[in-house]
Amino acid sequence: MTTAQRIRLPTKFYQEDIVRRIDSPNVYGIVLRCWHDAEDIPPLPSPFTDPLMRSLDRGEIGVSFFPGGVRDIVPESHYELVDRTFQSGDYCKRSVDDVRSGVVTSIEVQARLVHAISGEQVEGWRDIREVRRATDVDGGDYVIYDDWIGQVIELFDELLVSASGAFVRLPEISSRLTIGDKGPDILPDPEALHGLVNYPKGAPLPSPDDTVIDMKRTILAICWLAVNQSLNPSVAQLKQRPARFWSGEDLTKLTVIRMRVDDVRVGDKILLENDAGVPVTRYGVESESNGAMTIKTLCVRETKTVVNVLWQDGSQESLPSTELIPYLNPDEYDCWPGDHVLWKFEREEHAAVVQSVNSTDRVAVIRFTSTGKTETVSVLELDPNGVSDWAAGTPHTHLGVRRGDKVFVHREGASNGFESPRVPRIGEIEEWVREVPVRPDGEFSGWRRTMADMGTKIASERKEKPTVSRVKHPTRDNASLSWFGEVTGLRLDGTVDVTHPNGSMAIYPLSRLTKLYDTLEQFEDDGWEGEDGSDQGSHVDNTEGVWHLDADGTWRYDHDDSEWEDEEDSDEDGDGMDVDTWADEIDIPLGDGIPDSLISHDVTSDVTDSDSPFPVSSSNTSPDSTQEIIVQEDEDGHADSPWKKFEVLPSAPHDHAFYSSVSNQPSKNFLARLTKEYRALSTSLPDSILVRAYEDRADLLRCLIIGPENTPYEDAPFVIDWMLDSNFPQSPPIAHFLSWTNGNGRVNPNLYEEGKVCLSILGTWSGDRTETWSAARSSLLQAFVSIQGLVLVKEPWFCEPAYEKLRGTEEGMVNSRLYSEKAYVLSRGFVRRALEIPLGGLEAEINWLYNSQGRLSKVLNDSRALIQKSQSGPENTEVDENLAVPRLTAGGIIMLERTLSKLQTLFDRM
């Protein structure tokens, strides 16, 4: 397919964009969902409770219009961009196909304001530094009490509603309303409020003119996360966790921390610090119980944002936000000036600070923290995220900090206890926070029920206008909270700018900082975890079926209702399921990378003992005459090639990932099923997959997969160890991928550095029910070939579930190309590792393929030809676009040449 033929639909809008209808300039809205968003919302039965809660087609956006809050899904082509929201620490680009990105260092926002109730406009644009929120505290705000930092989880409000000339006090948990909201859905049915004071007898029915004119926070539910880290440990241990609920006079003991003064969005309700001359509305008279009320609350109608950007090359620029796009899918090697990274080479790692990045060439200038010297390196050799630390058992540390991070500051002379650039992250969510919010009947449950009862009781017992008890806010002359702050700058010498709650700024070494792990971050992380708490990772669709080789030499994946026979069913011919019986084909080209010297094997199988997968033999060696593998002579006349697709070896190798696991006595059903699995493997494996089983460990297997042609994995060996637990085949096989990236990141989105293989058929990805392991229809053969056909693919970046939507877009193509380069370079290192450290049970096969059959020579020649092509001449788009890795960047070449040097040494020793 030529470039002109590709569908390149741009990502026009992003979440929180402010848009205006092109043919109706007075119709504004905020984008809440986009067709390219990562989340996948299943179709809901009609009628929808929320018009936005359905899957979006390409080119659609979900918008909340204002004022009024009407929500709808509309074509993005009918709207134009008014303003784009950014925050400090966000990443951005000029366009989707730009390889250079930047980090937002600060923003400058101006707003047009209107009165929240009357809609009367405030003259001119107002700087957001002149405004403050209309409420003293909101959900998600940080609060401090007695050296504890907490976060507001829930609020109980009392709303004052003007309805048909009367005032109605409306107590509500998780209020959906704010001052100025108007409409017939403000008040519930009057019967629901029966017995509440200030709701007059003969209460008005809901009407379109009902308006919220005041709101008070009466109860806060707070999750206390962590204690002041500057305290002496003996003192910190004595600090008891504060109470969960706060109300009345106790609210005055809390200090609310709102770090981001620039966090004001369209639709927010605010107050001007200097409100002289602003429009107001008035309600009531002094003689009435509620007294006279003057409403000065304003609403943000429109914003105009200027973004200050630090680009990867170190240059800085101020631009209107509408000239930038959010960079939502950063490459795992992306870094920016001031970032703390680890430079990894061979088995060494050195802490460094990024000085600048050439994003086109994928090289970076780094400054080593130990020596102060600078060096230009490939970004593929940098670890900006501490990815390998997860396998090392330190999951609560990260490398460095980011702008916008909330941090504790340790006292002078103390440290966070970790070696720089690792920074710990602390914050414990109390168990009550995770309770289910509502019962099946729709009523609140758990602590929310308690909170609702408390709030209703307070409201019903009040005889007059509520007394206002306000939380405190830090003043500029109060330095008592300097143990907490927000990261606002990263310096090239590795030090960090931290802005404290009172607005003062100080510079700290990284070693004195500990990050706050707040409730929002923890809930977001929980959303990506499975039932076992592990990261679900990427998704590869894998419906039930089996692979077979068609007449054209293409592996096809069939899925219908064919099933494995029940293990206890009789089978007169001793055979199990025929693995070539599925239909409904999906073309998956596999195995083309295997040279002609890998001759197809004729395999015969005659298992005389149906209860055992092992051939009956007078010796303990395998295979014997009953499971003979006949290999035709190759060009050199040798008939003793070790490249046997399936073989049962006497014993499991000591380097098997599950060697130390306890082996249970296999049951009769287990062995019967294994016999059928072995038959399928003996007859149906492609030449590019080898599988080894073991007589002494029927529960273990090892497979070697050679990367398919015209993928980033071409010619590279991928080894996966397998274990079958005692519940097999009711439970899927357990896989462990032998990752040889030396901590330089994943070689594939589905193959983790710590060994996890992410596939729905293995139960490591929560895919559709039809994609999961089935004892009746799934098989080991299916799992092995799925990895080669669905994981080791031409464009692995799209294996990420969120990125499949971007296939065919400029953004998707740019990111896919960069990922494929990384995968290619890392997988050349797999060849080196397999040759340097022999694999148990596969030593002869690896040596035969790469040495005797010349595959190592091919790897060297292909890699050098790619380097030469990348360094000479312009890109030929029509020729290159059909190649998995058409060219390499300078950074890719630097890292590849290091590997080729080692491979050449191995080749010279042959």
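This structure is a prediction, so every number in the text was calculated from the model and none was measured. (Residues numbered from 1 in each chain as written. Predicted model: local features only at pLDDT ≥ 70, side-chain atom pairs only at ≥ 80, totals over all residues. Heavy atoms only, no water.)

Student: Explanation requested: the overall build of the protein chain in the structure shown.
Tutor: Secondary structure summary: the protein chain contains 10 helices and 43 strands in total. Relative to its 910 residues, the protein chain shows a buried fraction of 54%. Across the protein chain, the fraction of contacts at a sequence separation of at least 24, relative to all contacts at a separation of at least 6, is 68%. (Helix = DSSP H or I, 4+ residues; strand = E, 2+ residues; numbered from the N terminus. Buried < 20%, exposed > 50% of the residue type's maximum accessible area, 1.4 Å probe, protein only. Contact = heavy atoms within 4.5 Å.)

Student: Can you walk me through the nonpolar core in this structure?
Tutor: It is characteristic of soluble globular proteins that their nonpolar side chains tend to be buried jointly. F718 and W722 are the most contacted members of the largest nonpolar core, which has 95 residues in total. In terms of residues, this core owes the most to one element, helix α6 (residues 810–836), which gives nine residues. (Core = buried A, V, L, I, M, F, W, Y, C linked by side-chain atoms within 4.5 Å.)

Student: Sorry, what's going on with helix α4 (residues 668–684) here?
Tutor: Each α-helix winds once per 3.6 residues, and so residues spaced three or four apart point in a common direction. For α4, which comprises 17 residues, the first-to-last C-alpha distance of 25 Å matches the rise-based estimate of 24 Å (1.5 Å per residue) to within 8%. Burial within α4 is extensive, with 14 of its 17 residues counted as buried. (Expected span 1.5 Å × (residues − 1).)

Student: Whenever I open this one, the pairing of strand β40 (residues 689–694) confuses me. Can you help?
Tutor: Two faces belong to every sheet, and in a regular strand the side chains alternate between them. Of all six residues that make up β40, six are buried, and the element is covered over most of its length. Going residue by residue along β40, you find I689, V691 and A693 tucked away on one face and L690, R692 and Y694 tucked away on the opposite face as well. Handedness of the β-α-β unit built from strand β39 (residues 646–649), α4 and β40 comes out left-handed. Two elements, β40 and strand β41 (residues 700–706), share five bridges in a ladder whose sense is antiparallel. Paired with R692 across the strands is R702, a residue of β41. (Right-handed = clockwise from strand over helix to strand, strands pointing away. Pairing = 2+ DSSP bridges.)

Student: Would you mind going over the packing of aromatic side chains with me for this structure?
Tutor: If you walk through the whole model with that rule in mind, you get 23 aromatic pairs. Centre to centre, the rings of F408 and F484 are 5.6 Å apart; their planes meet at 65°, and the pair counts as edge-to-face. Taken together, the residues F408 in strand β28 (residues 406–409) and F484 in strand β30 (residues 484–490) connect sequence positions 76 residues apart. F484 matches F408 in its accessibility class, with the two residues each being buried. Ring geometry for F718 versus F830: centroids 5.2 Å apart, planes at 45°, classification tilted. Taken together, the positions of F718 in strand β42 (residues 717–723) and F830 in helix α6 put the pair 112 residues apart, joining distant regions of the chain. (Phe/Tyr/Trp six-rings, centres within 6.5 Å; stacked < 30°, edge-to-face > 60°.)

Student: Explain the packing of α4 against helix α5 (residues 780–791) here, please?
Tutor: Packed helix pairs are characterised by how far apart their axes lie and by the angle those axes make with each other. Between α4 and α5, the least distance of the axes is 8 Å, while the angle of their chain directions is 45°. By the angle between their directions, the pair α4 and α5 is classed as oblique. For the pair α4 and α5, contact is made by E677, A680, L681 and S684 and by L780, L781 and F784, respectively. Tallied by class, residues from the contact of α4 with α5 come to five nonpolar, one polar and one charged. (Axes fitted to C-alpha atoms, helices over the stretch in contact; angles between N-to-C directions. Parallel < 35°, antiparallel > 145°, perpendicular 65-115°, else oblique. Nonpolar A, V, L, I, M, F, W, Y, C, P; charged D, E, K, R; others polar.)

Student: What should I look at first to understand the environment of C34 in this one?
Tutor: Examined against the element boundaries, C34 turns out to sit in strand β2 (residues 24–34). Take C34: its relative accessible area is 2%, and that puts it in the buried class. Excluding residues that lie within four positions of it along the chain, C34 makes contacts with F13, Y14, Q15, L56, E60 and I61.

Student: Could you clarify how one ought to interpret the pattern of salt bridges in this entry?
Tutor: Side chains that differ in sign of charge can pair as their charged atoms come close. The tally for this structure, following the rule as stated, stands at 54 salt bridges. D138 is paired through a salt bridge with R217; the nearest N and O atoms lie 2.5 Å apart. Taken together, the positions of D138 in the loop between β9 (131–133) and β10 (142–145) and R217 in strand β13 (residues 211–227) put the pair 79 residues apart, joining distant regions of the chain. There is no split in this pair, since D138 and R217 are both buried. Put simply, K239 and D147 hold a salt bridge, and the shortest N to O gap is 3.2 Å. Residue K239 is located in the loop between α1 (233–236) and β14 (245–247), and its partner D147 is located in the loop between β10 and β11 (148–163); the two are separated by 92 residues in the primary sequence. Each of the two residues, K239 as well as D147, counts as buried. Residues joined by salt bridges that share partners form a network here, namely R133, D138, D141, D157, R217 and R258. (Salt bridge = Lys/Arg side-chain N within 4 Å of Asp/Glu carboxyl O.)

Student: What should I look at first to understand the sheet that holds strand β24 (residues 363–368) in this one?
Tutor: The pairing of strands in a sheet comes from backbone hydrogen bonds and takes either a parallel or an antiparallel form. Pairing in this open sheet of five strands is antiparallel, and the strands run β25-β24-β23-β22-β26 from one edge to the other. Pairing within the sheet leaves two strands with one partner each, and these edge strands are β25 (374–378) and β26 (382–383). Where helix α10 (residues 890–908) meets the sheet, it contacts β22 (340–345), β24 and β25, and its direction lies at approximately 85° from that of β25.

Student: Could you clarify how one ought to interpret the sheet that holds strand β1 (residues 18–21) in this entry?
Tutor: Strand order in this open sheet of five strands is β4-β3-β2-β1-β5, and the pairing throughout is antiparallel. Edge positions in the sheet fall to β4 (71–75) and β5 (79–83), since each has one partner strand and no second. Taken over all neighbouring pairs, the strand axes of this sheet differ in orientation by 45° on average, direction set aside. Relative to β4, strand β3 (residues 60–66) runs antiparallel, the two sharing five bridges. Along β4, the bridge assignment pairs E60 with P75.

Student: Help me out: how do you make sense of unusual backbone geometry in this one?
Tutor: Glycine aside, the phi torsion of most residues is negative, and most peptide linkages are trans. The linkage connecting S420 with the following residue, P421, adopts the cis geometry, with an omega of 15°. Here the residue pair F728 and P729 is connected by a cis peptide bond, since its omega of 10° sits within 30 degrees of zero. By the secondary structure assignment, P729 is in the loop between β42 and β43 (734–737). Its identity as a non-glycine residue notwithstanding, D715 has a phi of 75°, on the positive side. Here D715 lies in the loop between β41 and β42. Look at N742: it is not a glycine, yet its phi comes out positive at around 55°.

Student: Looking at this structure, I do not really get the confidence of the model for the protein chain. What am I missing?
Tutor: Reading predicted coordinates in detail is not appropriate for stretches of low pLDDT. Residues with a pLDDT of 70 or more make up 79% of the protein chain, whose mean pLDDT is 82. Here residues 388–395 scores under 50 on pLDDT; set against residues more than four positions off or in separate chains, the count is 11 contacts. Below a pLDDT of 50 lies the segment residues 528–562, which in the model reaches 134 contacts outside its immediate sequence neighbourhood of four places, other chains included. (pLDDT = per-residue confidence, 0-100.)

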